[in-house]
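# Structural overview for review
Residues per chain, in single letters:
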Amino acid sequence: MKHWPSLSGGERMGEVYLGVDVGTRSARAGVFDAGGRLLASARRQIAIWREPGEIVEHSSADIWSASCSAAREAVERCGVDPALVAGVGFDATCSLVALDVDGRSLPVGPSGEATRDTIVWMDHRAVAEADEINAGRHEALRYVGGAISPEMQAPKLLWLARHAPETFARAGHFLDLTDFLTYRATGSLARSACTVTCKWTYLAHERRWSRDFFERIGLGALASDGFARIGAEVAEPGAALADGLTPEAARAMGLRPGTPVGAGLIDAHAGAIGTIGAIGAALGGAAGDPRRRLGLILGTSSCCMAVSDAPLFIPGVWGPYYSALTPGQWLTEAGQSAFGAAIDHLVRMHPAFPAYALRAGDGFETMEREIVALAGGVSAAARLARDLHVLPDFLGNRSPFANPSMRGAIIGLDLSEDEASLRALYVAGLCGLAQGIGQIIRSLEAGGHAFDELLVSGGAGRSALVRQIIADATDKRVCASETSEPVLLGAAMLGAVAAGRHDMRGAMAAMSRVSLVAEPAGGQIAAFHARKRLAFEALQQAEQSLREAMRESESPGRARSEWPALVIFDCDGVLVDSEAIALARTRGAYAGLGLKLDDAEARDLFLGLSPRSIKDKVERALGAPLPPDFQSRLGREIVADFERELKGVEGVREALAEIGGRWCVASSSPIERTRASLRIVGYASVFEPNVFSAAEVGRGKPEPDLFLHAARRMNVDPRQCLVVEDSAPGVIAARRAGMVAFGFTGGSHAGGGDYAAKLREAGAQRIFKDMRDLPRLIAQQRERVRETRRNGFGQDI
């Protein structure tokens, strides 16, 4: 480790800031100057235990000792007076620490060892608990992308309550690992808004915990004392805690007592703070807009961080989280459960790896140099994986499917055991991971984000090959920070904020810079990655089909793929009797612009179409663009009318109770309007969080994009879906998606015999007007499916 150059003559070292980062396998510390330059760093390994049942555990005492030792060495290495360390910040993985009321460790697993008091973020012991929580469809799940992950803390707490009840009862404090570190450093039990909002379901936008959520999932005991055991006090990241370092912590870290300590961050979030506000000559010297940058943190797992001024609800993506990263903004978080861990696991399976590792001995640096040299360029290196394809979901899919049961796959293997095939497997793994990132980016942008560039951090982000493959696969510029340790820098920024030198946005602009940029190659390389994307998506579909086939084979009494696996409901005119209200308001609004329509004309022009499609039609009819705020104002007026007049379609609850299985909503209306409609009529708890909007896809009805999007998010084969629609464009969209469509005529707008005829002409296989008839019609259609299969005609229905 290089020391920062000594200052000469009368020059004097200024204030510095210490960042401490705890990852899955090590604790690191780094000292940075006021400009964000790394002066020195140090690392200590930490113990990790793995057991069957996807159990992974740490020792918080071991982590604290390693953190203090690394901090002391980093300060000593840079040669500064400890008194010049003006602030300290911590970040860590989102692991769960259990302590008793006196702060002593409690066992969290089958070993019964109290020292093993920390459930590691990647521990998947609580998959069943996560599934159970998700089945409750509580409103709080909206803020975790609609489905809670077993990597989050509520499922793990429920697991402890059931499988380690003594630990659960004795625990005085359950802390995220970051909050444990600030507790040991300062004695403060305040939790960071970052940790509790992103991983514990704290509703930061309302500054409260949801008592109802915890009671409904079986953890009401945590609410009985005002949530003191999981965080009665919550502080924004970087807020100064207590009186700074305690004397004991200061001695352990080699610093002075009272040094300010900021409320911490999850490790990936520290990487985002350390990058998304960066400036630099590589970007023309300008400070980028963090709202148009994706923070891409590549470590053991990968995380994608995006901020916005308004909440964006994106299925399968965590958040939106208020003030969890930057004050007053909303954070959206996606990612892959395994990134570096996936590559490491992948190459270790290859028979040539042990001998290669002995020869190379430096991780993957030698391999990457050889790959680039053999390929004749960084972008061209991807071609080594032309015939080899990897689906790297070894730990499930975190985003955008939120499915921990998904697994990895490789296709294209032969009997080669040489180093060339090892290099090809490594590149194929990188391509698969890059395709997963591209899939996440498309989901985020469909949900309302827009990105000019990706700001990368984490260990894998230092690789030029990794950066270029991601740039080429996603068609986005990829930028790397000037500092080699952007995650540590993000932690140090917390120290600068705690010391009062900056607010968070000021620290981001003052202390981070970009020095490396990978531009998409385009041309033939772009076409190559487009073909790799098709292969990637085909692998995902095959993996899903195989898992479903095996589930069916284990249930011999159950018919193969009982149809429908998913019922997709349109909202307006199907679940809520809204169309007449909305059409009346819409007709009046457009009449004011000179476009006068009767009821039938309005239905033909607007029914079933997305706001974008309606806007295009109206502007063509008017021969002029609509006023800029016209549609948003009209939308607010429609919702105001709904608040006064809207009623739910009768029989919905009865039909769903008899149908059973799974269902969701896919509407052409904006997501906010759809959710407002469901809330007003009392159906929100029935359908949330599985509510999808045409705003999330490129094309609205009658194109199939929305229904295919809903099926993909629900992880269901489109051929196994039934769509209930009230409009001809909706029925056409369903049929184009390969789904069965039923036409519903029970809305007050659907009078007249020609309405049913139009639905039938569009392709609806059954027409009905009473929602209570739906279970009977499904049973009839299901029998038709069985008959078709018995006759050997597959499942074309």
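Please read all numbers here as calculations on a predicted model, not as lab measurements.

## Focus on the overall build of the protein chain
- Tallying secondary structure elements over the protein chain gives 28 helices and 27 strands in all.
- Seen through its C-alpha atoms, the protein chain measures out along the principal axes to roughly 90 × 60 × 60 Å.
- Expressed as a percentage of its 797 residues, the buried residues of the protein chain come to 59%.
- When contacts within the protein chain are restricted to residue pairs at least 6 apart in sequence, long-range pairs at least 24 apart make up 72% of them.
- Side-chain charges of the protein chain comprise 89 positive and 96 negative groups, with the mean position of each set lying 2 Å from the other.

## Notes on the pairing of strand E19 (residues 453–457)
- The buried count for E19 comes to five of five residues, which makes it a mostly enclosed element.
- Neither face of E19 is exposed, since Glu453, Leu455 and Ser457 on one face and Leu454 and Val456 on the opposite face are all buried.
- As paired strands, strand E13 (residues 293–298) and E19 are joined by five bridges and run parallel to one another. Following the sheet pairing, arginine 293 is matched in E19 by glutamate 453.
- Relative to strand E20 (residues 477–481), E19 runs parallel, the two sharing four bridges. Across the sheet, the residue bridging to glutamate 453 is arginine 477, located in E20.

## Observations regarding the sheet that holds strand E25 (residues 721–725)
- The sheet built from six strands is open, its strands ordered E24-E23-E22-E25-E26-E27 with parallel pairing. Of all the strands in the sheet, the pair left with one neighbour each is strand E24 (691–693) and strand E27 (766–768). When strand polarity is set aside, the average angle formed by the axes of neighbouring strands in this sheet is 25 degrees.
- Here strand E22 (residues 566–569) pairs with E25 via four bridges, running parallel. Residue isoleucine 568 lies in a different strand from E25, and its bridge partner there is valine 723.
- On the sheet, helix H23 (residues 671–681) packs against strand E23 (663–667) and E24 and is oriented at approximately 145 degrees with respect to E24.

## Quick notes on the sheet that holds E19
- Here we have seven strands laid out as an open sheet, ordered E15-E16-E14-E13-E19-E20-E21, and mixed in their pairing. Looking at which strands have only one partner, the edges of the open sheet turn out to be strand E15 (318–322) and strand E21 (514–518). Here the average twist between neighbouring strands, direction ignored, is 25 degrees.

## Some remarks on the nonpolar core
- Judged by nonpolar contacts, the single largest core of 128 residues is most densely connected at Leu160, Phe174, Ile230 and Ile470.
- For this core, the element with the highest residue contribution is helix H13 (residues 419–446), accounting for 14 residues.
- With residues up to four places along the chain from it excluded, the contact list for isoleucine 230 reads Leu157, Phe174, Arg191, Val196, Trp200, Trp209, Phe214 and Leu222.
- Counting residues in each nonpolar core, the second largest holds 41 residues, with Val567, Val649, Ala655 and Leu777 among its members.

## Description of the packing of helix H1 (residues 60–78) against helix H5 (residues 177–186)
- Interaxial distance between H1 and H5 falls to 11 Å at its minimum, and their mutual angle equals 65 degrees. The way H1 lies across H5 gives a crossing that is right-handed. Taking contact as the criterion, the partners of Ser60, Ile63, Trp64 and Ser67 in H1 are, on H5, Leu177, Phe180, Leu181, Arg184 and Ala185.
- When its residues are assigned to classes, the contact of H1 with H5 shows six nonpolar, two polar and one charged.

## Quick notes on the confidence of the model for the protein chain
- Mean pLDDT over the protein chain works out to 88, with 90% of the residues at or above the 70 mark.
- A low-confidence stretch, residues 1–12 (pLDDT under 50), is modelled with 15 contacts involving residues beyond four sequence positions or located in other chains.
- Long-range and interchain partners of residues 556–560, a stretch whose pLDDT sits below 50, account for four contacts in this model, where long-range means more than four residues apart.

## Topic: the packing of helix H2 (residues 127–135) against helix H3 (residues 153–163)
- H3 packs onto H2 with a crossing angle of 115 degrees between their chain directions and a minimal axis gap of 8 Å. In terms of their interaxial angle, H2 and H3 are classed as roughly perpendicular. When the axes of H2 and H3 are compared, the crossing they make is right-handed. The segment H2 lies against H3, with Glu129, Ala130, Glu132 and Ile133 engaging Ala154, Pro155, Leu158, Trp159, Arg162 and His163.
- The residue makeup of the contact of H2 with H3, split by class, is six nonpolar, one polar and three charged.

## So, H1
- An ideal rise of 1.5 Å per residue puts 27 Å on 19 residues; H1 measures up with 27 Å between its terminal C-alpha atoms.
- Among all positions of H1, only Ser60, Ile63, Trp64, Ala66, Ser67, Cys68, Ala70, Ala71, Glu73, Ala74, Val75 and Cys78 are buried.
- Immediately downstream of H1, the backbone of glycine 79 shows phi near 70 degrees, a positive value.

## Regarding the environment of serine 669
- Within the secondary structure, serine 669 is located in the loop between E23 and H23.
- We classify serine 669 as buried; its relative accessible area is 8%.
- In this structure, the C-alpha to C-alpha distance between serine 669 and leucine 566, residues 103 residues apart in sequence, is 21 Å.
- The contact partners of serine 669, leaving out residues within four places of it in the chain, are Asp572, Thr674 and Ser693.

## Notes on the packing of aromatic side chains
- In this structure the tally under the stated criterion is twelve aromatic pairs.
- Seen in terms of ring centroids, phenylalanine 569 and phenylalanine 687 are 5.9 Å apart; in terms of plane orientation they differ by 75 degrees. Their pairing is edge-to-face. You can see phenylalanine 569 sitting in strand E22 and its partner phenylalanine 687 sitting in helix H24 (residues 684–687), a full 118 residues away along the chain. The same class applies to phenylalanine 569 and to phenylalanine 687, which are both buried.
- Here the aromatic cluster, defined as three or more aromatic residues joined through ring pairs, consists of Tyr202, Trp209, Phe213, Phe214 and Phe227.

Criteria and cut-off values
One numbering rule holds for all chains: residues counted from 1, following each sequence as written. In keeping with the model being predicted, local features are shown solely for residues with a pLDDT of at least 70 and side-chain atom pairs are shown and tallied solely at 80 or more, while totals for entire chains, interfaces and linings include all residues. Hydrogens are left out, water is left out, and the side-chain values use all remaining heavy atoms of the structure. Strands are runs of DSSP state E lasting at least two residues, helices are runs of H or I lasting at least four, and both sets are numbered from the N terminus onward. Relative accessibility decides the category of a residue: with a 1.4 Å probe and only protein chains considered, values under 20% of the type maximum give buried, values over 50% give exposed, and everything between is partly exposed. Contact criterion: two residues are considered in contact whenever any of their non-hydrogen atoms come within 4.5 Å of each other. Think of it this way: Lys and Arg go in the positive column, Asp and Glu in the negative one, and His and the chain ends go nowhere. Charged groups are reduced to one reference atom each: NZ for lysine, CZ for arginine, CG for aspartic acid, CD for glutamic acid. In this description, strands pair whenever DSSP reports at least two bridges between them. Only C-alpha atoms enter the line fits that serve as axes; for helices the fit covers just the stretch in contact. Angles between N-to-C directions range over 0 to 180 degrees. In this description, a nonpolar core means a group of buried Ala, Val, Leu, Ile, Met, Phe, Trp, Tyr and Cys residues linked to one another through side-chain atoms lying within 4.5 Å. By definition, turning the near helix anticlockwise from the far helix through less than a right angle yields a left-handed crossing, and turning it clockwise yields a right-handed one. Under this grouping Gly is polar, as are all residues other than the nonpolar Ala, Val, Leu, Ile, Met, Phe, Trp, Tyr, Cys and Pro and the charged Asp, Glu, Lys and Arg. The predictor's confidence in any single residue is recorded as pLDDT, a number from 0 to 100. An angle below 35 degrees is treated as roughly parallel, one above 145 as roughly antiparallel, one from 65 to 115 as roughly perpendicular, and anything else as oblique. The span expected for a helix works out to 1.5 Å for each residue beyond the first. The rule is short: rings of Phe, Tyr and Trp, with Trp giving its six-membered ring, pair when the centres are within 6.5 Å, and they are stacked under 30 degrees, edge-to-face over 60, tilted in between.

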